[in-house]
Amino acid sequence: MEKKKHSILIVLVPVLLIGAVIAGWYYLRTWPLRFQGQLDDFFGKDNWDISEDTKESLMYDKNITIRDAAWSSEEIPGKFHEWDISFTNRNGDTEVWTISDHTMKINHDKYWLLSPDRYSAKQSLGQELMDISFSMAGEQVHKKILQALLPGVEADCVVVDISYRGGRPDPELYDELLDAPWFTANDVTAEDFLRSDLNDFYLDIYAYDYRVDKLSSDERRHLLGSLTDIENLLKDTYGDYVDYEIYLGDGCRAEYRGPKG
């Protein structure tokens, strides 16, 4: 009997070890499982659903060894994952956004393990969520400012985003953003970024030239002539925290940094 138990253990232990390695590997590569708490904080607990896709990268390669007679090696496209996250927004509508570990894979391919420029997986997720929140906050500004001043066809030529000065942020920024109480999909606003001292954030308002070119001459003239009105409404809305760069076309641009900046 003891001999039989010993034989079972000999078989069972390696199986459990292999299972643990597979489970650990799956856990480390699966952001939605590993960072469910952060996704709950951002999108709202029980307020989001997710699907995954695996793609080949054009931005980085992996070196593999071919076990042939010459033990040769070759470069193959690296793999990365995308997750489509659907959630219910503050208006009760469903939105779908995509997060990806592609930037993290490129970053890890570029920087060695102990480099201060190397992102952790959590910081990489923070960067993805920051990019999503930039677009969300920009859409709010578009509705509040651009759509209040411009006819629809003109407003559709212009995009509003949040950006930052000073080059690529330190990785620690993303940890700090994830901890910020206002950094959630249904709460974040442009004003949160403009007021934040985490980085030098500003409103980036720009028109696509190819869209402007499709406007009639009167529409184009009206859009370009709206620059002062847009600036005034931005200053009235955000006060001392206003900080923006605007481009509506050749020769029609403006930049302003409030006292906080």
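Placed above this text is the structure.
Criteria and cut-off values
- Residues numbered from 1 in each chain as written.
- Predicted model: local features only at pLDDT ≥ 70, side-chain atom pairs only at ≥ 80, totals over all residues.
- Heavy atoms only, no water.
- Helix = DSSP H or I, 4+ residues; strand = E, 2+ residues; numbered from the N terminus.
- Contact = heavy atoms within 4.5 Å.
- Polar contact = N/O pair within 3.5 Å; in protein donor to acceptor, adjacent residues only side chain to side chain.
- Axes fitted to C-alpha atoms, helices over the stretch in contact; angles between N-to-C directions.
- Parallel < 35°, antiparallel > 145°, perpendicular 65-115°, else oblique.
- Left-handed = near helix turned anticlockwise from the far one by under 90°.
- 1 Å grid on protein atoms, 1.4 Å probe; cavity = no way out; pocket = protein on both sides within 12 Å on 5 of 7 lines; lining within 4 Å.
- Points joined across faces, edges and corners; volume = space filled by probe spheres on them.
- Nonpolar A, V, L, I, M, F, W, Y, C, P; charged D, E, K, R; others polar.
- Buried < 20%, exposed > 50% of the residue type's maximum accessible area, 1.4 Å probe, protein only.
- Pairing = 2+ DSSP bridges.
- Patch = residues over 30% accessible without salt bridge, like charges linked within 9 Å, V, L, I, M, F, W, Y side chains within 5 Å.
- Areas by Shrake-Rupley, 256 points an atom, 1.4 Å probe, with all protein chains shown as cover.
- Salt bridge = Lys/Arg side-chain N within 4 Å of Asp/Glu carboxyl O.

A.B. asks: It is not clear to me how the environment of Asp40 should be interpreted in this structure. Could you clarify?
C.D. replies: Here Asp40 lies in helix 3 (residues 36–43). With 144 residues separating them in the primary sequence, Asp40 and Thr184 have C-alpha atoms 9.2 Å apart. Among residues more than four places away in sequence, those in contact with Asp40 are Lys45, Asp46 and Trp48. A distance of 2.8 Å separates a polar atom in the side chain of Asp40 from a polar atom in the side chain of Trp48.

A.B. asks: Looking at this structure, how should I read the packing of helix 5 (residues 121–149) against helix 11 (residues 227–238)?
C.D. replies: Helix-helix packing is described using two parameters, namely the angle between the two axes and the distance between the axes. The geometry of helix 5 relative to helix 11 is characterised by a closest axis approach of 10 Å and an angle of 140° between their N-to-C directions. By the criterion of interaxial angle, the relationship of helix 5 to helix 11 is oblique. For the pair helix 5 and helix 11, the crossing hand works out as right-handed. Packed against helix 5, whose contacting residues are Val141, Lys144, Ile145, Leu146, Ala148 and Leu149, the element helix 11 presents Asp229, Ile230, Leu233, Leu234, Thr237 and Tyr238 at the interface.

A.B. asks: What is the right way to read the layout of surface pockets from this model?
C.D. replies: In this structure, the largest pocket occupies an estimated 310 Å³ of space. For the largest pocket, the full set of lining residues is Phe87, Asn89, Arg90, Asn91, Glu95, Met136, Glu139, Gln140, Lys143, Ala185 and Asn186. Ranked by residues supplied to the lining of the largest pocket, first place goes to helix 5 with four residues. Classifying every residue of the lining of the largest pocket gives three nonpolar, four polar and four charged.

A.B. asks: I keep staring at the environment of Glu219 and nothing clicks. Help me out?
C.D. replies: Assignment of secondary structure puts Glu219 in helix 10 (residues 217–224). Between the alpha carbons of Glu219 and Pro151 there is a distance of 8.8 Å; along the sequence they are 68 residues apart. Among residues more than four places away in sequence, those in contact with Glu219 are Val153 and Glu154.

A.B. asks: Is there a simple way to think about the environment of Thr88 in this case?
C.D. replies: Mapped onto the elements of the fold, Thr88 is located in strand 2 (residues 73–88). Of the residues examined, Thr88 reaches a relative accessible area of 32% and is grouped as partly exposed. For the pair Thr88 and Trp48, spaced 40 residues apart in the sequence, the C-alpha separation amounts to 7.0 Å.

A.B. asks: For this particular structure, what's the right way to read the sheet that holds strand 7 (residues 252–257)?
C.D. replies: Strand pairing in a sheet takes place through backbone hydrogen bonds and is either antiparallel or parallel in direction. Within the open sheet, the four strands sit side by side as 4-5-6-7. Their pairing is mixed. Two strands in the sheet have a free side with no partner beyond their single neighbour: strand 4 (158–164) and strand 7. Strand-to-strand twist in this sheet, taken as the mean axis angle between neighbours without regard to direction, amounts to 10°. Bridge count between strand 6 (residues 243–249) and strand 7: six bridges; the pairing is antiparallel. The residue bridging Asp243 from the neighbouring strand is Arg257, located in strand 7.

A.B. asks: What is the right way to look at the side chain of Asn107 in this model?
C.D. replies: Summarising the element assignment, Asn107 is placed in helix 4 (residues 102–110). Polar contacts involving the side chain of Asn107 include one to the main-chain carbonyl oxygen of Asp117, which spans 3.0 Å. Among all residues touching Asn107, those that are not within four sequence positions of it are Asp117, Arg118 and Tyr119.

A.B. asks: In this structure, what is going on with a nonpolar patch on the surface? I would like to understand it.
C.D. replies: On the surface, a nonpolar cluster with roughly 420 Å² of combined accessible area is contributed by Trp112, Leu113 and Leu114. Tracing the backbone through its elements, the reader meets Leu114 in the loop between helix 4 and helix 5.

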